[in-house]
Amino acid sequence: MKTFSATPADIDKKWILIDAEGVVLGRLASIVAMRLRGKHKASFTPNMDMGDNVIVINADKIQMTGKKREENFYWHTGHPGGIKSRTKQQILEGAHPERVVTQAVKRMLPGNRLARQQMTNLRVYAGAEHPHEAQAPEVLDVKSMNKKNTRS
């Protein structure tokens with residue numbers, strides 16, 4: 001028996017809608033990363049972009065356990081002495097709260113060209129509205145998958 005290796009003709013991409021309200025950040029990011037890579041499919045091939053298109057709404061209402069809201073995100077401007085940081089709480093209260101979810105998912109994917117291509121299939125929105133109604137996304141209820149996925 002030969003090992004199945006998917007070709008571009010075998011790939012079937014779906015649209016998935018996930019509501020992040022009340023869901024723990026790391027658990028959500030893990031599920032989204034798995035869906036983006038396509039590891040939930042029996043025909044998974046590591047070198048192909050087989051994942052689904054994922055829409056995450058209510059990213060500003062994400063939950064975190066412990067003191068993770070006080071943890072910093074660091075980045076460098078490229079200039080000498082240009083290290084900068086913001087806490088996750090500051091980012092969530094700022095203009096782009098969806099960046100917390102985007103970074104969490106990005107860091108759960110491998111650091112290569114294929115992962116950057118797969119990240120283009122992720123759309124994160126701070127509110128409940130999204131412009132992808134025409135794609136008829138199917139809802140994935142992350143809250144009901146495991147009781148640990150939510151935080152009160």
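See above for the structure.
Parameters at a glance
- Residues numbered from 1 in each chain as written.
- Predicted model: local features only at pLDDT ≥ 70, side-chain atom pairs only at ≥ 80, totals over all residues.
- Heavy atoms only, no water.
- Helix = DSSP H or I, 4+ residues; strand = E, 2+ residues; numbered from the N terminus.
- Contact = heavy atoms within 4.5 Å.
- Areas by Shrake-Rupley, 256 points an atom, 1.4 Å probe, with all protein chains shown as cover.
- Lys, Arg positive; Asp, Glu negative; His and termini not counted.
- Charge placed at Lys NZ, Arg CZ, Asp CG, Glu CD.
- Buried < 20%, exposed > 50% of the residue type's maximum accessible area, 1.4 Å probe, protein only.
- Salt bridge = Lys/Arg side-chain N within 4 Å of Asp/Glu carboxyl O.
- Core = buried A, V, L, I, M, F, W, Y, C linked by side-chain atoms within 4.5 Å.
- Patch = residues over 30% accessible without salt bridge, like charges linked within 9 Å, V, L, I, M, F, W, Y side chains within 5 Å.

A. Inspection of the overall build of the protein at higher detail. If you tally the helices and strands in the protein, you get four helices and six strands. Helices and strands in the protein line up, N terminus first, as β-α-β-β-β-α-α-α-β-β. Across the protein, the fraction of contacts at a sequence separation of at least 24, relative to all contacts at a separation of at least 6, is 69%. Total accessible area on the protein stands at roughly 9300 Å², and carbon and sulfur atoms take up 51% of it. Positive and negative side-chain charges of the protein, numbering 25 and 15 respectively, have mean locations separated by a distance of 9 Å.

B. Region of interest: the side chain of glutamate 98. Mapped onto the elements of the fold, glutamate 98 is located in helix H3 (residues 98-106). Buried charge glutamate 98 goes without a salt bridge, the closest partner of opposite sign being arginine 99 at 5.4 Å. Among all residues touching glutamate 98, those that are not within four sequence positions of it are Ala59, Val124 and Ala126.

C. Summary view of unusual backbone geometry. Even without a glycine there, the phi angle at asparagine 58 is positive, about 60°. Within the secondary structure, asparagine 58 is located in the loop between strand E2 (53-57) and strand E3 (72-76). With relative accessibility at 5%, the residue asparagine 58 sits in the buried group. The phi angle at alanine 136 is positive, at roughly 50°, despite the residue not being glycine. With respect to the helices and strands, alanine 136 occurs in the loop between strand E5 (122-124) and strand E6 (138-139). Residue class for alanine 136 comes out exposed when judged on its relative accessible area of 60%.

D. Molecular detail of the environment of histidine 132. Its place among the elements puts histidine 132 in the loop between E5 and E6. Histidine 132 has contacts with Trp15, Ile55, Arg123, Tyr125 and Pro137, leaving out every residue within four places of it along the chain.

E. Structural view of the nonpolar core. Counting residues in hydrophobic clusters, the biggest one holds 30 residues, and the most contacted among them are Leu28, Val32, Val56, Val101, Val105 and Leu122. Of all elements in the fold, only strand E1 (15-19), helix H1 (25-37), E2, helix H2 (88-93), H3, helix H4 (113-119) and E5 reach the threshold of two or more residues within this core. Sorting elements by how many residues they give to this core places H1 first, with seven residues. Setting aside anything within four residues of it in sequence, one finds valine 32 in contact with Ile18, Val54, Val56, Val105 and Leu122.

F. Spatial organisation of a positive patch on the surface. Residues Lys106, Arg107, Arg113 and Arg116 make up a contiguous surface patch of positive charge. Position of lysine 106 among the secondary structure elements: in helix H3.

G. Layout of the pattern of salt bridges. Applying the stated criterion across every chain yields a total of five salt bridges. Two residues, arginine 35 and aspartate 52, come together in a salt bridge whose shortest N-O distance is 3.8 Å. Highlighted residues: arginine 35 in helix H1 and aspartate 52 in the loop between H1 and E2, separated in sequence by 17 residues. Bridged by salt links that share partners, the residues Arg35, Lys41 and Asp52 form one connected network.

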